[in-house]
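Architecture and fold: a report
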Amino acid sequence: MSVGQTPTPTRALGRAIARGFIGRCPACGRGEVIRGYISPVATCNACGEDLSRYQTADFAPYIVTFFVGLVFTPLTFVLSLDEALGGWALYVTIGAALLTAILLLPRTKGAAIGLLWALDIPNT
Ligand SMILES: [Zn+2]
């Protein structure tokens, strides 16, 4: 950068995703990115960043479904083969899969917004 040039604001990818994952604005880390369970906010209530430009559509549910399926499908299959465990292990595994999906969905939505914000990929 030459002297006198205004520095370009950085959009660090990892930081933006991490901030989104914990439900914070990817730009400032103070405002909320998700309202209620999974509704994205239009603008950050702390810095005013326009987050309505970054629509994630079904990206977060795809990621959650992929992750939960990848982890819990083989686990459920293996546990169902062991007759000594009885049926309770299967129910616990299915419950854990549901709980994981419910807990991950809003966090993944925030992380997806952070990803789009960091890469500056707005809706067209
Ligand atoms: Zn903000």
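The present account deals with the structure reproduced in this document. Throughout this document, residue positions are counted from 1 along each chain, in the order its sequence is written. Only residues with pLDDT of at least 70 are given local features in this predicted model, and only at 80 or more are side-chain atom pairs given and counted; all residues enter the totals for whole chains, interfaces and linings. Side-chain measures here rest on the full set of heavy atoms in the structure, leaving out hydrogens and waters.

**Observations concerning the overall build of the chain**
What counts here: Secondary structure counts use DSSP, requiring at least four H or I residues in a row for a helix and at least two E residues in a row for a strand, with both numbered from the N terminus. With C-alpha atoms as the basis for the radius of gyration, the globule rule is written as 2.2 Å multiplied by the number of residues raised to the power 0.38. The buried label applies to any residue whose accessible area, calculated with a 1.4 Å probe on protein chains only, is under 20% of its type's maximum; exposed applies above 50%, and partly exposed to all values in between. Two residues qualify as a contact provided that any one of their heavy atoms is within 4.5 Å of a heavy atom in the partner residue. Per-residue accessibility takes into account occlusion by the displayed protein chains alone, with areas from the Shrake-Rupley method and a 1.4 Å probe. Residues counted as positive are Lys and Arg, residues counted as negative are Asp and Glu, and His and the chain ends are not counted. Here the site of a charge means atom NZ of a Lys, CZ of an Arg, CG of an Asp or CD of a Glu.
Along its length, the chain carries three helices and two strands. Shown N-terminal to C-terminal, the secondary structure of the chain runs as helices and strands in the order α-β-β-α-α. In terms of overall size, the chain is more extended than a compact globule, its C-alpha atoms giving a radius of gyration of 19 Å where 124 residues would be expected to give roughly 14 Å. Principal-axis analysis of the C-alpha atoms gives the chain an extent of 75 × 30 × 25 Å. With 124 residues in all, the chain has 30% of them scored as buried. Across the chain, contacts joining residues at least 24 apart in sequence account for 58% of those joining residues at least 6 apart. Accessible surface for the chain amounts to roughly 7,900 Å². Of this, 65% is attributable to carbon and sulfur atoms. One way to put it: in the chain the 9 positive side-chain charges average out to a point 14 Å from where the 7 negative ones average out.

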